[in-house]
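Summary of structural features
Residues per chain are reported as follows:
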2 protein chains.
Amino acid sequence: MGRRSDHSREEIRKMAIDAATKIVETEGFQALTARKVASNIGYTVGTLYHVFRNFDDLVIHMNAQTIDEIVARMQKAVGKKRSPEGRIRAMAAVYVDFATEHPDRWRVIFEHQAPPGVPTPELMGVRRDVVFEMVAENFRELSPNHIPQEVAHAATALWSGIHGICILALTGKLYLGGAFSMSKLVDTLIDSVLNEFRRTQSAD
Amino acid sequence: MGRRSDHSREEIRKMAIDAATKIVETEGFQALTARKVASNIGYTVGTLYHVFRNFDDLVIHMNAQTIDEIVARMQKAVGKKRSPEGRIRAMAAVYVDFATEHPDRWRVIFEHQAPPGVPTPELMGVRRDVVFEMVAENFRELSPNHIPQEVAHAATALWSGIHGICILALTGKLYLGGAFSMSKLVDTLIDSVLNEFRRTQSAD
DNA sequence: CCATTATTTGAACATCGTTCAATAATCATG
DNA sequence: CATGATTATTGAACGATGTTCAAATAATGG
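Along each chain, the written sequence defines residue order, and numbers are assigned to residues from 1. Chains carry letters and ligands carry numbers; both start at the beginning, A for chains and 1 for ligands, and go up in the order they are written. Only residues with pLDDT of 70 or above have their local features reported here, since the model is predicted, and side-chain atom pairs are shown and tallied only from 80 upward, although totals for entire chains, interfaces and linings are computed over all residues. Excluded from the side-chain calculation are hydrogens and water; included are all heavy atoms of the structure.

Helix and strand assignments follow DSSP, with helices taken as H or I runs no shorter than four residues and strands as E runs no shorter than two, numbered in order from the N terminus. A count of helices and strands for chain A gives 9 helices and 0 strands. Traced from its N-terminal end to its C-terminal end, chain A shows the element sequence α-α-α-α-α-α-α-α-α. Relative accessibility under 20% of the residue-type maximum defines a buried residue, over 50% an exposed one, and the middle range a partly exposed one, all with a 1.4 Å probe and only protein chains included. Residue burial in chain A is summarised as follows: out of 204 residues, 52% are buried. Each accessible area is a Shrake-Rupley result for a 1.4 Å probe, and residues are judged covered by the shown protein chains and nothing else. Surface summary for chain A: the accessible area is close to 9,700 Å², and the carbon and sulfur share equals 52%. The charge count includes Lys and Arg as positive and Asp and Glu as negative, but it does not include His or the ends of the chains. In this description, the location of a charge corresponds to atom NZ of lysine, CZ of arginine, CG of aspartate or CD of glutamate. Side chains of chain A give 25 positive and 25 negative charges; the mean places of these two sets differ by 4 Å.

As a further point, take the relation of the copies chain B and chain A. Between chain B and chain A, the superposition needs a rotation of 180° and an axial shift of 0.0 Å, giving an RMSD of 0.0 Å. The operation mapping one copy onto its partner corresponds to a two-fold rotation axis. Of all interface residues in chain B, 100% are interface residues in chain A too; the two copies therefore contact each other through one and the same surface. For the least-squares superposition of copies, only C-alpha atoms count, and only for residues with pLDDT at least 70 in both. Residues count as neighbours in contact if any of their non-hydrogen atoms are within 4.5 Å of one another.

Take the packing of aromatic side chains next. All names here are of chain A. Under the pairing criterion, centres of Phe, Tyr and Trp rings, with the six-membered ring standing for Trp, must be within 6.5 Å; the plane angle then separates stacked pairs below 30 degrees from edge-to-face pairs above 60, leaving the rest tilted. Going through the model one piece at a time under the given rule, you end up with 8 aromatic pairs over all chains. Judged by centre distance (4.9 Å) and plane angle (55°), the ring pair of Trp-106 and Phe-110 falls under tilted. Separated by 4 residues within a single helix, Trp-106 and Phe-110 lie in helix α6 (residues 103–111), roughly one turn from each other. Exposure class is identical for Trp-106 and Phe-110. Each is buried. Taken together, the ring pairs in this structure connect Tyr-95, Trp-106, Phe-110 and Trp-159 into an aromatic cluster.

So, on to the pattern of salt bridges. Residue and element names in this part refer to chain B. For salt bridges, the criterion is a side-chain nitrogen of Lys or Arg within 4 Å of an Asp or Glu carboxyl oxygen. Taken as a whole, this structure holds 32 salt bridges over all chains when the rule is applied. For Arg-105, the salt bridge is made with Glu-25, and the minimal N-O distance between the two is 3.2 Å. Remark: Glu-25 occurs in helix α1 (residues 9–27) and Arg-105 occurs in helix α6 (residues 103–111); sequence separation between them is 80 residues. Taking relative accessible area as the criterion, Arg-105 reaches 6% and is therefore assigned buried.

All names here are of chain B. Their axes nearest at 7 Å, the elements α1 and α6 cross at an angle of 115°. Taken as axis vectors, α1 and α6 run roughly perpendicular relative to one another. Contact with α1, carried on its side by Thr-21, Val-24 and Glu-25, involves Asp-104, Arg-105 and Val-108 of α6 and no other residues of that element. Ten residue types, Ala, Val, Leu, Ile, Met, Phe, Trp, Tyr, Cys and Pro, are classed as nonpolar, four, Asp, Glu, Lys and Arg, as charged, and the remainder, Gly among them, as polar. Looking at the contact of α1 with α6 residue by residue, the class counts come to 2 nonpolar, 1 polar and 3 charged. Axes here mean lines fitted to C-alpha atoms, for a helix over just the part in contact, with angles spanning 0 to 180 degrees between N-to-C directions. Should an angle fall under 35 degrees it is called roughly parallel, over 145 degrees roughly antiparallel, and 65 to 115 degrees roughly perpendicular, with every other angle called oblique.

All names here are of chain B. Two elements in contact, helix α5 (residues 84–101) and helix α8 (residues 148–170), have axes whose closest approach is 10 Å; the angle formed by their N-to-C orientations is 25°. Taken together, α5 and α8 sit at an angle that is classed as roughly parallel. The handedness of the crossing between α5 and α8 is right-handed. Contact residues: Ile-88, Met-91, Ala-92, Tyr-95, Val-96, Ala-99 and Thr-100 in α5; Leu-158, Trp-159, Ile-162, His-163, Cys-166 and Leu-170 in α8. Of the residues belonging to the contact of α5 with α8, the class tally is 11 nonpolar, 2 polar and no charged. Each helix crossing is assigned a hand: it is left-handed if the near helix lies turned anticlockwise from the far helix by less than a right angle, otherwise right-handed if that turn is clockwise.

All right, on to the confidence of the model for chain A then. What pLDDT expresses is the predictor's confidence in each residue, scored from 0 to 100. Overall, the prediction assigns chain A a mean pLDDT of 91, with 90% of residues at 70 or greater. Helix α5 (residues 84–101) of chain A holds the highest mean pLDDT among the elements of chain A, 98, whereas helix α7 (residues 123–142) of chain A holds the lowest, 88.

Once that is clear, we can look at the domain arrangement of chain A. Residue and element names in this part refer to chain A. By convention here, the domain bounds are inherited from an automatic or database domain assignment. Along its sequence, chain A is organised into domain 1 (8–52) and domain 2 (59–199). In this assembly, 12 residues from domain 1 lie in contact with 10 residues from domain 2. Each of two parts loses accessible area, computed with a 1.4 Å probe, when they are put together; buried area is these two losses added. Interface area for domain 1 against domain 2, summed over the two sides, is near 900 Å², with a carbon-plus-sulfur share of 64%. The tally of links between domain 1 and domain 2 comes to 1 salt bridge. Polar contacts here mean pairs of N or O atoms no more than 3.5 Å apart (in protein, one a potential hydrogen donor and the other a potential acceptor; neighbouring residues in sequence count only if both atoms are side-chain atoms). Counting across the domain 1 and domain 2 interface gives 3 residue pairs in polar contact (both at pLDDT 80 or more). A per-class count over the side of domain 1 that touches domain 2 returns 6 nonpolar, 2 polar and 4 charged.

Our next topic: the side chain of Asn-63 of chain B. When you line up the elements, Asn-63 of chain B lands in helix α4 (residues 55–79). Beyond its immediate sequence surroundings of up to four residues, Asn-63 of chain B is in contact with Arg-105, Val-108, Ile-109, His-112 and Met-124 of chain B.

What follows is the structure, given as structure tokens:
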């Protein structure tokens, strides 16, 4: 073969990422293979490595796309709400829903760690911070009396907690003594942290 | 070779688990290999498979031992505290400390998923529930007015949240806008959930 | 002392990520 | 239009992985 030019570099990248997403979604992460991705888009491994530097590089870009999808859904949901509290709850609902609907894709985001030669300096970091920023922004609006550090702290604590509920629920590692719903657990966390946040005041 | 009988089946299992633990601790999970474990204890792969049915089986037993270690530390820490709240905080501190001191071992517990033929029915489940039970027990003692469901619910929400903070912090996926300490984030979550718990009352 | 039994080995297999020379199709040029 | 340069694509090859299993070996029992 040779320069077939059926697809551009960028087109192949997109095709590969989409194929990888579909494989993870239907067969789980452990079924994701460079050769399988390549053959699913009508190419061979060599081509894949011509377009991604690593297998991990492919995974990283797939994850970035997943995060973008989550953020997009959050922004859409947030737009419909008037109060900061409503927006925070809407964001959490999107997070929980996405994790429930796409458990494998969601897990890969957090459980995939690129070995030594990490080509992920900012690609993911920036996207993570976007989510935290969205939460923090609403905390800020909720109570302008807090200093930025306190706002960011509360937002981080809450969001990490929500994340923890999702992870344990998804991996079946939640306490089974009482078959709780993720939504209710998340509600409890939101109620708790928001109330505590309103009660607390800056020392300044 | 042949029946050398230098070590019993059970001794080899223990040696293998300890060797695996050491490898994970020093080189990370991706460096854990059946052949490496075997050679580190003076045997070959074949023997390892004579004693564990899977590579995953070995990992699972390693994880069980790690959880046992965490639980033991928790029980020790809990023994020194008088109040339920003090005990909950002590447990959380142990959890955070262990995750910080042994990040790779801690992560394997939660990120390792045994493929299809899972030989992990109760081995892990029981151990997880032990931790949740310890937390729930102190919630119960904290406020006898709540019905068991509410107690378990609050305990689950708090502990999942703490777990989330540990995971995100360990994997470097926490919001960097404010370089928070895990302990303070955990404190915020504990304060929030405990206060909310005290405020809430059973409808009965 | 030999036969049985249990233990340990290591070669073999399929599959994985990864590399890279060879190949084939296109483009540019005269 | 033909020919050479360029580039996309291939697929064989490599080392390492988990896993299996017949063979080899040591201990045991009669």
